Amino acid sequence: MDSRPALDGDPREVGQRVRRLREARGVSLSELARRAGIGKATLSGVETGQRNPTLETLWAITAQLGVPIGAILDTPAEPQVMYGTAVEATLLEVFEDQEVTYELYRLRVPPGTTQSSPAHHEGVTEHLTVFHGTLIAGPASAPMTAGPGDHISWTSDGPHLYRAQGPDVVQASLLIRYPGRQTLQGR
């Protein structure tokens with residue numbers, strides 16, 4: 001899967017939310033770009049809506065802001081599909097329970113490409129269930145393999161990856177658990 005913009009829609013609202021969150025935390029554009037491991041021009045383009053970033057870039061930015069990706073996305077009437085290097089992630093629901101925010105995704109991972117995802121903020125965990133195909137996922141240093149019906153989970157505050165193993169497209173669900181109620185800040 002080629003690197004393509006994460007969002008199909010207008011990126012200006014996302015950019016405005018990123019800017020508000022960054023400014024609310026007192027972080028300069030240069031500092032956030034450095035922390036997220038992206039170029040200052042890239043971050044500036046995201047904030048102004050001139051650039052439609054990849055899923056990996058959005059996760060890198062939100063990890064450094066300490067918020068789930070749902071904090072910068074619209075709450076669509078229809079599920080929103082985002083595209084990474086190897087993952088097509090459909091955000092199905094964002095929900096909160098006391099001091100925890102959850103994002104539920106439907107994943108589609110075609111064979112042949114590995115997606116390396118940046119670290120989320122401290123305490124974030126991912127819980128993945130495979131329905132079709134075989135997926136290698138988890139911490140980049142110790143990925144796990146899951147086939148149909150298998151469930152794997154890991155702490156995702158370090159680099160992690162997703163890769164289909166074999167010839168089949170992987171169909172899976174992913175639940176990301178973010179500690180703390182930070183979803184709506186900056187909106």
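Quantities reported herein were computed from a predicted structural model and do not represent experimental measurements.

Draft legend 1. Quick look at the overall build of the protein. Of the regular secondary structure elements, the protein holds 4 helices and 10 strands. Listing every helix and strand of the protein by position from the N terminus yields α-α-α-α-β-β-β-β-β-β-β-β-β-β. Counting the 187 residues in the protein, one finds 48% classified as buried. Partitioning the contacts of the protein with sequence separation of at least 6, the portion at a separation of at least 24 is 69%. Element-wise, carbon and sulfur atoms account for 47% of the exposed surface of the protein, whose accessible area totals about 8,300 Å².

Draft legend 2. Examining helix α3 (residues 40–48) more closely. Every buried residue of α3 is accounted for by Thr 42, Leu 43, Gly 45, Val 46 and Glu 47. Lining the buried residues of α3 we find α1 (12–24), α2 (29–36) and α4 (55–65). Of the residues trailing α3, Gly 49 is marked for its positive phi of about 80°.

Draft legend 3. The arrangement of the packing of α2 against α3 in detail. Packing of α2 against α3 leaves a shortest axis separation of 9 Å and a crossing angle of 115°. The orientation of α2 with respect to α3, classified from their angle, is roughly perpendicular. Like other packed secondary-structure pairs, α2 and α3 cross with a definite hand, here right-handed. Contact residues: Leu 29, Ser 30, Leu 32 and Ala 33 in α2; Lys 40, Leu 43, Ser 44 and Glu 47 in α3.

Draft legend 4. Expanded view of the nonpolar core. Judged by nonpolar contacts, the single largest core of 44 residues is most densely connected at Ile 69, Tyr 105, Leu 107 and Leu 128. Leave out the neighbours within four places in its chain, and Tyr 105 touches Trp 59, Ile 69, Met 82, Ala 89, Thr 90, Leu 91, Leu 92, Ala 172, Ser 173, Leu 174 and Ile 176.

Draft legend 5. Inspection of the pairing of strand β3 (residues 100–109) at higher detail. Counting buried positions along β3 gives 7 out of 10 residues, so the element sits mostly inside the fold. Bridge count for strand β2 (residues 88–97) against β3 is 9 bridges, and the pairing is antiparallel. Across the sheet, residue Leu 91 finds its bridge partner in β3, namely Tyr 105. Counting the residues in the hairpin turn of β2 and β3 gives 2 residues, including Gln 98, whose phi is positive at 55°.

Draft legend 6. Just α2, in detail. Looking at α2, one finds that the buried residues are Leu 29, Leu 32, Ala 33 and Ala 36. When α2 is viewed along its axis, its buried side chains cluster within an angular range of 100° and face the same direction. One or two residues past the end of α2 sits Gly 37, with phi positive at roughly 75°.

Draft legend 7. Focus on the sheet that holds β2. Sheet architecture is open: 6 strands sit in the order β1-β2-β3-β10-β5-β8, paired in antiparallel fashion. Both outer strands of the open sheet, β1 (80–83) and β8 (151–155), are each paired with one neighbouring strand and no more. When strand polarity is set aside, the average angle formed by the axes of neighbouring strands in this sheet is 25°. With 10 bridges connecting them, β3 and strand β10 (residues 170–179) associate as antiparallel partners. Among the inter-strand pairings, Val 109 is bridged to a residue of β10, identified as Val 170.

Each value, and the rule that gives it
- Think of each chain on its own: its residues are numbered from 1, step by step along the sequence as written.
- At least 70 in pLDDT is required for a residue's local features to be given in this predicted model, at least 80 for side-chain atom pairs to be given and counted, and no such filter applies to totals for whole chains, interfaces and linings, which use all residues.
- Side-chain measures were taken over the full set of non-hydrogen atoms in the model, leaving aside hydrogen atoms and water.
- Put simply, DSSP H or I for four residues or longer makes a helix, DSSP E for two residues or longer makes a strand, and each gets a number counted from the N terminus.
- Buried, partly exposed and exposed residues are distinguished by accessible area as a fraction of the type maximum, computed with a 1.4 Å probe on protein chains only: under 20%, between the cut-offs, and over 50%, respectively.
- The contact definition used throughout considers only heavy atoms, calling two residues in contact when any of these lie within 4.5 Å.
- Shrake-Rupley sampling with a 1.4 Å probe provides the accessible areas, and residues are treated as covered by the protein chains on show and by no other component.
- For every element, the axis is a line fit to its C-alpha atoms; helices are fit only across the contacting stretch, and the angle between N-to-C directions ranges from 0 to 180 degrees.
- Roughly parallel refers to an angle under 35 degrees, roughly antiparallel to one over 145, roughly perpendicular to one between 65 and 115, and oblique to any angle outside these ranges.
- With the far helix as reference, a near helix turned anticlockwise by less than a right angle produces a left-handed crossing, and one turned clockwise produces a right-handed crossing.
- Take the buried residues of types Ala, Val, Leu, Ile, Met, Phe, Trp, Tyr and Cys, join any two whose side-chain atoms come within 4.5 Å, and each joined set is a nonpolar core.
- Pairing between two strands requires that DSSP report at least two bridges joining them.
- Think of it as the arc spanned by the lines of direction from the helix axis to the C-beta atoms.

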